[in-house]
Amino acid sequence: MAIQVLDKDTVNKIAAGEVIERPVAVVKELLENAIDAGASSVTVEIKDGGKSLIRVTDNGCGIDKEDIKLAFMPHATSKIKQLQDLLSISTLGFRGEALASIASVSQLEMLAKTRKSFSGSRYVIEGGIEKSFTEAGCPDGTTFIVHNLFYNTPARLKFLKTSQTEAGYISSMVEHMSLSHPDISFRFINQNQPKLYTSGNGKLKDVIYNIFGKDITTNLLEISAVKESCQISGFIGKPVISRGNRGCINYFVNGRYIKSNIINHAIEEAYSGYMMNHKYPFIVLNFKTDPALIDINVHPQKMEIRFTNEKELYRDIYNVVSETLKHKELIPEITFDKSKKYENNQAGITTETELKQKEKGVILRTPLPEETSHLFETGQNNTESKNSVKKEEPEFRETAAYNAHNIKQQTLFETDIMSVQSGKDIKITGQVFSTYWILQYGDSMFIVDQHAAHEKVLYERFLKQIKNNQPFTQMLNPPVVASLSMAEQQVLEENADIFEKLGYIIENFGGREYMLSGVPAHMPDIATKELFLEIIDGLLDNKAVITPETLLSHVASMSCKAAVKGGNSMTEPQVHELLKELMALENPYNCPHGRPVLIKITKRELEKKFKRIL
């Protein structure tokens, strides 16, 4: 279809104002043009996050020589002709603003050739001003080469993020395009390094494997349904691969990646009975619907869509996802190691007898598999002391909780309420609901939440290790291998120092596979991989600003996961040792999330309740 400039009435009805704010917007517009041109193969190459170079090459229909200059005029497009065409848009692009906007803030070169032409054309335009227009030899299709984006608008260039972050935005967008068009082969190259390649064989599951890896691909449920509101196809993840954010929820309407509260709500409600709160599923779904039922002319970025049949759409999506999850074998498969678990140490708290064997500080012990048992001394790297482990039966992982000088700081609350000197008068009278311990001291009763208390102790240990740059690491044998998406891989590489501070030892295992050979010593054995991915999810949510506070939030999360849970039985000696360590803290009153560790009820308050006094 020939390119033409839209009439004024149509221009006024378009949500115009296309502004190229960052490199990803350039790549998005050029990829949409390539897909609309019928390309079966597209290559995206960038350097410096797209700031110095963006090259997009496709094998589509190309542009006729006589239409090239016209294509760079505002509101010049071949996608629509008149106002009525906005009601039935089937292409990704339609406004005719992209090329003019890109050319105005960059040094742009275009090579284009149609299949019927003997030779192609080379057009160079810088800052919206034509520099040259010549004949050139080139393959069928179109190539755009964008140099020095925002070279003439330094204010806009100043507000771009780091090259790695900008490249991350582009890689995510290319992934979305690949998922929405599995019949097109996509290549993505960053700093001369191939990052993504899809075959274009039309198999969505192959694209998912290339982007998200083996772990997710082996836990998918296929969906294919025709409903009144739309046709739904794609894959949803089993609840076992839930994530801590919505980053793995991807859906497309008529091949366009969008965000919709209606679709989000329908999907999450369908999963509500299968997933914990604040956990989100893996979704890759394509919705095909009548273009007349949607309005994509809402926002210049075309990420928002209005639906005229919202209720029907919600109902159909909810029912399809619910029915797919029902009657499926969703019981997670657990692999047990050969090491024995010792019930009397489930809480990770040593007995008083074991405490006296150590003079340097309070020692917390948790069972450790025989082949990975190590002795962790304060201030030493665990790998250095690996050969000096003295065998015990059963073997334990030992972690110094605080240095020797802190032992004298066993003062809880205020000295007039509970002190070391009067500690012998504290009585542990029992436990209720397998969660709360009741202590008696003087004329007061204290109720201690064992989970909050243990979580607070672990949190303070982690903080001390981070502050002293002495993380305690537990070596894994065998190591754990995790498959990461391109975005997860990038955030891991950008924040390698954070994982090192937490006590992780991570190595690239080839491609997007990463091997965890060491994890924080206090991490629960059953959540090694899950917690690692949860931390990455947290960094993805906050990747624009990584601060010490961000790191602390991950430490708090790890402490919560590792702490003894409510309902798990603890022995009285274990509670004694937990309280001793809790007493040494400057602030023992609240867990890292702000919940109270204990509450106090005086004898007088009880007597008032029982009407003994008025």
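Refer to the structure presented above.
All figures in this text were calculated on a predicted structure; none of them were measured in a lab.

### Quick notes on the sheet that holds strand β24 (residues 473–483)
Next up, step 1: Pairing in this open sheet of three strands is antiparallel, and the strands run β24-β26-β25 from one edge to the other. The open sheet has two free edges, formed respectively by β24 and β25 (505–508), since each of these has just one partner strand. Looking at each pair of strands side by side, their axes are set apart by 20 degrees on average, direction ignored.
Next up, step 2: As defined by bridge partners, β25 adjoins strand β26 (residues 513–520) across four bridges and the pair is classed as antiparallel.

### A look at the packing of helix α2 (residues 23–36) against helix α6 (residues 163–180)
Next up, step 1: It is at 9 Å that the axes of α2 and α6 come closest, and there the two elements cross at 20 degrees. By the angle between their axes, α2 is roughly parallel relative to α6. The two elements α2 and α6 cross, and the hand of that crossing is right-handed. Only Glu166, Tyr169, Ile170, Met173, Val174 and Met177 of α6 make contact with α2, whose side of the interface consists of Pro23, Val24, Val27, Lys28, Leu31, Glu32 and Ile35.

### Some remarks on a nonpolar patch on the surface
Next up, step 1: A cluster of nonpolar side chains, Val432, Phe433 and Tyr436, forms an exposed patch at the surface whose accessible area comes to about 310 Å².
Next up, step 2: Mapped onto the secondary structure, Val432 falls in strand β21 (residues 427–432).
Next up, step 3: Take Val432: its relative accessible area is 31%, and that puts it in the partly exposed class.

### Description of the environment of Glu269
Next up, step 1: The residue Glu269 is located in helix α9 (residues 261–271) in this model.
Next up, step 2: On a C-alpha basis, the gap between Glu269 and Ser322 in space is 8.8 Å, while along the polypeptide they are 53 residues apart.
Next up, step 3: Ignoring any residue separated from it by four or fewer positions in sequence, one finds Glu269 in contact with Tyr314 and Tyr318.

### A closer look at the pattern of salt bridges
Next up, step 1: Applying the stated criterion across every chain yields a total of 11 salt bridges.
Next up, step 2: Arg315 is the salt-bridge partner of Glu228, the closest N and O atoms lying 3.6 Å from each other. Residue Glu228 is located in the loop between β11 (220–226) and β12 (231–237), and its partner Arg315 is located in helix α10 (residues 310–325); the two are separated by 87 residues in the primary sequence.
Next up, step 3: On the basis of relative accessible area, Glu228 is assigned to the exposed category, the value being 67%.
Next up, step 4: Looking at Arg315, the relative accessible area reads 36%, which means it is partly exposed.
Next up, step 5: For Asp316, the salt bridge is made with Arg315, and the minimal N-O distance between the two is 3.2 Å.
Next up, step 6: Given a relative accessible area of 5%, Asp316 falls into the buried group.
Next up, step 7: Taken together, the shared-partner salt bridges in this structure form one network comprising Glu228, Arg315 and Asp316.

Conventions adopted
- Residues numbered from 1 in each chain as written.
- Predicted model: local features only at pLDDT ≥ 70, side-chain atom pairs only at ≥ 80, totals over all residues.
- Heavy atoms only, no water.
- Pairing = 2+ DSSP bridges.
- Helix = DSSP H or I, 4+ residues; strand = E, 2+ residues; numbered from the N terminus.
- Axes fitted to C-alpha atoms, helices over the stretch in contact; angles between N-to-C directions.
- Parallel < 35°, antiparallel > 145°, perpendicular 65-115°, else oblique.
- Left-handed = near helix turned anticlockwise from the far one by under 90°.
- Contact = heavy atoms within 4.5 Å.
- Patch = residues over 30% accessible without salt bridge, like charges linked within 9 Å, V, L, I, M, F, W, Y side chains within 5 Å.
- Areas by Shrake-Rupley, 256 points an atom, 1.4 Å probe, with all protein chains shown as cover.
- Salt bridge = Lys/Arg side-chain N within 4 Å of Asp/Glu carboxyl O.
- Buried < 20%, exposed > 50% of the residue type's maximum accessible area, 1.4 Å probe, protein only.

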